[in-house]
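Residues per chain, in single letters:
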Amino acid sequence: MTAQKWTPDILQTPTNRAIHLEQRRAQLHPIVDDLRRLAREMKAEVGEIERLPGDLPGQPSLRAWHTLRPLFKAADDIEAALADLIAFNARYQRSYEELPEKREEKRDAKRQRKELAKGVQQQIEASPATETNSGGDKSRFDDVFNGLRKGA
């Protein structure tokens, strides 16, 4: 893979993404280490510089911080880039490899629930209906309902 350029179609497999990530780590970690070493050494050098004529109290340390901050930030940004590559790998896996499987599982579960509900509905329809007011029960309550009908 080192002779070829990385392309989106190559990065679609988990193995190739892992190789890509390890190659980038191998490239960027030495750069981060070098930048941090250089920044610490520059901080020590700047700390040894005497006050310049006309400096106010605290101005030398503020000037040193202002001057060195981009160097420390460069190291932080490269580390953040590595973290972003790791996040990309995880998000790609969740969004494009695992999501279709999860959706298929949900469809299967929904299909099973529908079949189960359909089976229960058929059992309900097939079972004999029992009426509480059939035959003798109806005549037993006729006079109560007749009285209610007359008063209404």
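Structure: above.
Residues numbered from 1 in each chain as written. Predicted model: local features only at pLDDT ≥ 70, side-chain atom pairs only at ≥ 80, totals over all residues. Heavy atoms only, no water.

Visitor: Whenever I open this one, empty space enclosed by the protein confuses me. Can you help?
Guide: Any space left empty among the atoms is revealed by the rolling of a water-sized probe across them. Considering all chains together, one arrives at one cavity of 30 Å³ or more under this definition. Computed from the structure, the largest cavity encloses a volume of approximately 40 Å³. Taken together, Leu11, Arg17, His20, Leu21, Leu85, Phe88 and Asn89 make up the lining of the largest cavity. Mapped onto the lining of the largest cavity, the elements with two or more residues apiece are α1 (14–48) and α2 (59–126). In terms of residue class, the lining of the largest cavity is made up of four nonpolar, two polar and one charged. (1 Å grid on protein atoms, 1.4 Å probe; cavity = no way out; pocket = protein on both sides within 12 Å on 5 of 7 lines; lining within 4 Å. Points joined across faces, edges and corners; volume = space filled by probe spheres on them. Helix = DSSP H or I, 4+ residues; strand = E, 2+ residues; numbered from the N terminus. Nonpolar A, V, L, I, M, F, W, Y, C, P; charged D, E, K, R; others polar.)

Visitor: Which parts of the structure should I look at to understand α2?
Guide: Every α-helical turn comprises 3.6 residues, leaving residues that sit three or four positions apart pointing alike. Of all bends in α2, the biggest is about 50°, found at Glu98, and the proline Pro100 comes one to four residues later. All of the buried residues along α2 are Ala64, Leu68, Ala75, Ile78, Leu82, Asn89 and Tyr92. Along its buried surface, α2 packs onto α1. (Bend = angle between axes of the 7 residues up to and from the residue. Buried < 20%, exposed > 50% of the residue type's maximum accessible area, 1.4 Å probe, protein only. Contact = heavy atoms within 4.5 Å.)

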